[in-house]
Structure formats: C-alpha cells, structure tokens
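# Remarks on the overall topology
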Amino acid sequence: MTDSAYTPPKVWTWDDKNGGEWASINRPISGATHDKELPVGTQPFQLYSLATPNGVKVTVMFEELLEAGHEGAEYDAWLIKIGDGNQFGSGFVEVNPNSKIPAMTDTTGDAPVRVFETASILVHLAEKFDAFLPKDGAARTEVMNWLFWQMGSAPYLGGGFGHFYSYAPEKFEYPINRFTMETKRQLDVLDKQLANNTYIAGEDYSIADIAIWPWYGALVLGSLYNAAEFLDVKSYTNLMRWAEMIAARPAVKRGRMVNRTWGDLGEQLHERHSAADFETKTQDKLASEDV
C-alpha cells in the first residue's frame, strides 16, 4: 500500500472543497439553489443549454431539421453558464429536475411540454418532424440501439476518461489507464461498425450520428480533452472518415457554434434566436460593434 492510498470512511461526507475544476458546481443534493426565472422567446422551441458535447447534440438536431426544410423547428437557444451554477436556478430545475443541460420546452401544443435528457429530446424532435429516425422495423431499432449505446457509453468517456485525464486536480495512473482502456474499446466498437456502414446505423444519417458525433467525433478530431495523440485516434480510420464527413455538414458547423463561449470568437454564438444570428451576432461581430 502506498502513502497515497485512500481508505474510504464508514460513512461518506461531502467536502465541498474537493473535486478539482468542477468542485464549485458538484454537490450530493438536487434542487434549486436560488430563484431565477428562465427567459422565453418567440420561437416554438425554447432551448436552455451550453455547447458541451451534450448541448451540441440538440443544436445540431435543430439546425439539421431547419436545413432539411422543417420551418417549424425554429428555436430560441438561451445560454446556461454551468460554471456559474445557472442550472440550479428555480426556472431551470422546473424544466429539468436533474439540473443538467440541455433542457427544452416545446410550446407547439396546447400546453408547454418539458423535455430533458438528450436521447429524449432527439427522439421527441425526430418523431415530431418525421426526420432522422425510421418510423418502424429493424432500421428504427438499429438507430435506437446506437442512440442508447451513446447514452450508456459516453459517461465512461466524459466522467471517466475526460475527468481523470484532463480535469482531475492530480493525475493517477490507475483511473487514467482504466478509462483509457474503455475509451479505446469504444472507439474500436465504432470503427468496426463504420467499416461496412456509411453512417453509424447504416446508410442513412440519423439521430444516432447526431448523438455520437459531438462526443466521439470531437474526440478523434482533436477538440475534446486534447487527447487525440494519447489515444492514437488516427489508427481508427473508419471512425476518422465518418467524423470528418459529419464535421463538414453545414448544419453541424452551425450547431456547434450555438451557446459556445470559448475558442474562436467567430465560432461563438452565445444565444441563437433566428438563422440571421449566425451572420450578425457571433462574438467577433459583437466585439467589433463595441470598438
């Protein structure tokens, strides 16, 4: 046993100073910490989010729907700064009691409907607009297989590998090795699936691609955890082909800009209320207006 070995206590207690970069927003209880109403715009869908991989799934979905001609998919995207604890405001908790982004309100019916968890949001929108999800049969089941594969697998990538490799206050060999092994296994699963399929679930682009790309596509393209070299991502040639193909889609390029608060100012659209905002409201444009 090393000097740094940890012996768990009989009963765990919360040390709010522990936890690394995200210690200030992680806590063992749910619910609101403060009263704060959510803004509401004029579009049919109200999205409250941030451009993390989970947030990008939904903004890409909206942009793909609009690209395909579904005018009823217009949306207001409001910025939720999770580092500031916006997700613990009372209004946000009413939409998502789990206090995780993204969360959405669908106002197209007789009464607003809250939708949270990205798989639920993607299926909700796909069924509403009859897009990116086969109606029935084996093809639909295959898309759902991969959609829920992502939901079950990504926590090992994000909360496991990403946390210990990138965010943890100290680097420890055991958890990094453990979650690197699992991440590379997942990359191999995707690479083998894409060896004989253009898209994740077959020959048609679907919500499976929309769900998986912001995590695994971003990872192999080098924009997640700065870990591409460490994971030898170029060895996954089929996955790289797919990731680059999805990244080139106009709707994906737009979707990843929405609610983004880091990186190139020209790729940051903090809020999105109409298609015109991509031309006039990115942070580089707003910054030049202030000069």
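See the structure above.
Let me begin by describing the structure that accompanies this report.

Criteria and cut-off values
- Each chain carries its own residue numbering, running from 1 in the direction its sequence is written.
- Restriction of local features to residues with pLDDT of at least 70 applies here, the model being predicted, together with a cutoff of 80 or more for giving and counting side-chain atom pairs; totals for whole chains, interfaces and linings are based on all residues.
- Based on all heavy atoms of the structure, the side-chain values leave hydrogens and waters out of the count.
- Between the rings of Phe, Tyr and Trp (Trp by its six-membered ring), a pair exists once the centres lie within 6.5 Å; its type follows the angle of the planes, with under 30 degrees stacked, over 60 edge-to-face, and the other angles tilted.
- Runs of H or I in DSSP of at least four residues are treated as helices and runs of E of at least two as strands, each being numbered from the N terminus.
- Residue exposure (1.4 Å probe, protein chains only): buried if accessible area is under 20% of the type maximum, exposed if over 50%, otherwise partly exposed.
- Two strands form a pair only when DSSP identifies at least two bridges running between them.
- Lines fitted to C-alpha atoms define the axes, with helix axes restricted to the stretch in contact, and inter-axis angles between N-to-C directions lie between 0 and 180 degrees.
- We call a set of buried residues a nonpolar core when its members are Ala, Val, Leu, Ile, Met, Phe, Trp, Tyr or Cys and they connect through side-chain atoms within 4.5 Å of each other.
- Residue contacts are counted whenever heavy atoms from the two residues lie within 4.5 Å of one another.
- Put simply, angles under 35 degrees are roughly parallel, angles over 145 are roughly antiparallel, angles from 65 to 115 are roughly perpendicular, and the rest are oblique.

Turning to the packing of aromatic side chains, a few remarks are in order. Counted according to the given criterion, the structure contains 13 aromatic pairs. An angle of 45° between the planes, with centres 5.2 Å apart, marks the rings of Trp149 and Tyr216 as tilted. Of this pair, Trp149 sits in helix α4 (residues 137-167) while Tyr216 sits in helix α6 (residues 207-220), and the two are 67 residues apart along the sequence. The exposure classification of Trp149 matches that of Tyr216, with both residues buried. Taking 5.0 Å as the distance between ring centres and 15° as the angle between the ring planes, the aromatic pair formed by Phe161 and Tyr165 counts as stacked.

Strand pairing in a sheet takes place through backbone hydrogen bonds and is either antiparallel or parallel in direction. Here four strands make up an open sheet; going across it, the order is β2-β1-β3-β4 and the pairing mixed. The open sheet is flanked by β2 (75-79) and β4 (113-116), the only strands paired with a single partner. Along the sheet, successive strands turn relative to each other by an average axial angle of 20°, direction set aside. Where strand β1 (residues 45-49) meets strand β3 (residues 103-106), four bridges bridge the pair, whose relative direction is antiparallel.

With 68 residues, the main nonpolar core has Met61, Phe62, Leu125, Ile207, Tyr216 and Trp242 as its most contacted residues. If one sorts the elements of this core by residue count, α6 sits on top with eleven residues. Once residues within four sequence positions are removed from consideration, Phe62 is found in contact with Phe45, Leu47, Ala73, Tyr75, Met104 and Leu125. Listed in part, the eleven residues of the second largest apolar core include Tyr48, Val95, Ile101 and Ala103.

At a minimum axis separation of 12 Å, helix α5 (residues 173-193) and α6 run at an interaxial angle of 105°. Accordingly, the angle class assigned to the pair α5 and α6 is roughly perpendicular. Side by side, α5 and α6 meet where Thr183, Gln186, Leu187 and Leu190 of the first sit next to Ile212, Tyr216, Leu219 and Val220 of the second.

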